[in-house]
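Observations on the three-dimensional arrangement
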Amino acid sequence: MSRWRFALPAGALVVCTWLVVGPSAPAPAANGNGIKQFAITDVPGRATALVPGATGTRWIRLGNAENFPILVQTVTTTVGRPVDGGGRPVPACPASSVRVDALAAPVTVAGNGTADVALTTHLLAGAPDACRGLTFPLTYTGTAVKP
Amino acid sequence: MRKISKRSAVVLGAAGVVVVAGVAYAAWTSTGAGSGSVTSTTAFNSTIGSDTTGTPLYPGAVKTFTVSIDNPNDYPVVVNGISAGSSTATSGGCAAGTVTSAAVTNPGSTIAAHGSAVYTLTATMSGSATDACKGQTFTLPLTATLSSNA
């Protein structure tokens, strides 16, 4: 008998636990599905020109629109097809000639603030002559959590 | 009021731990996106200049002379080759082609960014050089091929 007395309250508690934990899983953020998307943009005037076989830096700015800090854990970059000074594609220079390393370490961005970080860039040593003086478009994606 | 027994307290405590663990697991996540660009550097041509004229030539002589090649680029380069050279006609009337130099392949050494390097070439004066070629300075147009070597 005493076993049932204790078992029933315990079962009720388990049910209550799921009710409490369940709704908390979807984050109560502004967009209803997590923290607002943070922005990744180039820092004006802070890029080194790509040189064959050498590394350079591409400074990017992480923008946090939330009023609390976020911890940016990853930033990855996709390199697009290069264009010349007139905006024309240059098929002889493949996009794979350029590589941009992922974010080296997590970065905290203050609420309603920004943080500048450097990504390492590479132009392959064997890049063809067609790759001289071109602009390579970059697309950034990243992930963050509320620390 | 009814008292909570020890076993009930243990069950309640365990349930509390489960709740805390559940809340801690529910991290807020986000994604970021954006675009940017990088640019590749342009290339500037190197210049070959006379370094030393070497010892004086005479008909049939083979002598060495040196040239300097600079690198105006922001990256190191290596010289893949230096073309053969043939002298132009001199102001004193010595015929073009009196002095020649052999081509050089892979002379070695990397030229640092904004640096220069000296290369030794061999000049040969034709055995049929005339008197007009005495005391003349000969100019040999040369072309070098270089590639990035970072």
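See the structure printed just above.
Everything in this summary refers to the structure shown in the same document. Keep in mind it's a predicted model, so treat the numbers as computed, not measured. (Residues numbered from 1 in each chain as written. Chains lettered and ligands numbered in written order. Predicted model: local features only at pLDDT ≥ 70, side-chain atom pairs only at ≥ 80, totals over all residues.)

Residues and elements named next belong to chain A. As for its placement among the helices and strands, P128 is situated in the loop between β6 (114-123) and β7 (135-145). Given 13 C-beta atoms within 10 Å, P128 falls into the partly exposed group. Each C-alpha atom, one on P128 and one on P52, is 9.2 Å from the other, the two residues being 76 residues apart in sequence. Sequence-distant contacts of P128, that is, excluding residues within four places in its chain, are made with A92 and C93. (Helix = DSSP H or I, 4+ residues; strand = E, 2+ residues; numbered from the N terminus. Buried ≥ 20, exposed ≤ 12 C-beta atoms within 10 Å, placed from the backbone. Contact = placed C-beta atoms within 7 Å.)

Take the nonpolar core next. F38, L62, I70 and V72 of chain A together with V38, V99 and L121 of chain B are the most contacted members of the largest nonpolar core, which has 44 residues in total. Setting aside its immediate chain neighbours within four residues, V72 of chain A contacts F38, L62, L103, P106, V107, V109, G142 and A144 of chain A together with G32 of chain B. (Core = buried A, V, L, I, M, F, W, Y, C linked by C-beta atoms within 7 Å.)

Glancing now at the sheet that holds strand β2 (residues 55-63) of chain A. The sheet built from 8 strands is open, its strands ordered β4(A)-β6(A)-β2(A)-β1(A)-β1(B)-β7(A)-β3(A)-β5(A) with mixed pairing. Of all strands in the sheet, those with a lone pairing partner are β4 (98-100) and β5 (107-109) of chain A, marking the two edges. Averaged over all adjacent pairs, the angle separating strand axes in this sheet is 35°, with direction ignored. Looking at chain direction, strand β1 (residues 38-47) of chain A and β2 of chain A are connected through 5 bridges and run antiparallel. By the bridge assignment, D42 of chain A is partnered in β2 of chain A with I60 of chain A. (Pairing = 2+ DSSP bridges. Axes fitted to C-alpha atoms, helices over the stretch in contact; angles between N-to-C directions.)

In this section: the pairing of strand β4 (residues 77-82) of chain B. The side chains of a regular strand alternate between both faces of the sheet. Residues and elements named next belong to chain B. Pairing of β4 with strand β8 (residues 110-111), which is carried by 2 bridges, proceeds in the antiparallel orientation. Each residue of the ladder has a partner; that of V77, found in β8, is I111. For β4 and strand β10 (residues 144-148), the ladder comprises 5 bridges, and the chain directions are antiparallel. From the neighbouring strand, V79 faces β10, where its bridge partner is L146. Two elements, β4 and strand β7 (residues 104-105), share 2 bridges in a ladder whose sense is antiparallel. Across the sheet, the residue bridging to G81 is T105, located in β7.

Of note in this structure, N112 of chain A is not a glycine but carries a positive phi near 55°. Counting through the fold element by element, N112 of chain A comes out in the loop between β5 and β6. Located in the positive-phi region is H114 of chain B, a residue other than glycine, with phi close to 60°. For H114 of chain B, a count of 12 C-beta atoms within 10 Å translates into the label exposed.

In this section: the sheet that holds strand β6 (residues 99-101) of chain B. Residues and elements named next belong to chain B. The antiparallel open sheet is built from 5 strands, whose spatial order is β2-β3-β9-β6-β5. Looking along the sheet, the strands with just one partner apiece sit at the ends: β2 (48-52) and β5 (85-86). The pairing of β2 with strand β3 (residues 62-70) spans 4 bridges and is classified as antiparallel. Note on β3: the bridge partner recorded for T52 is T66.

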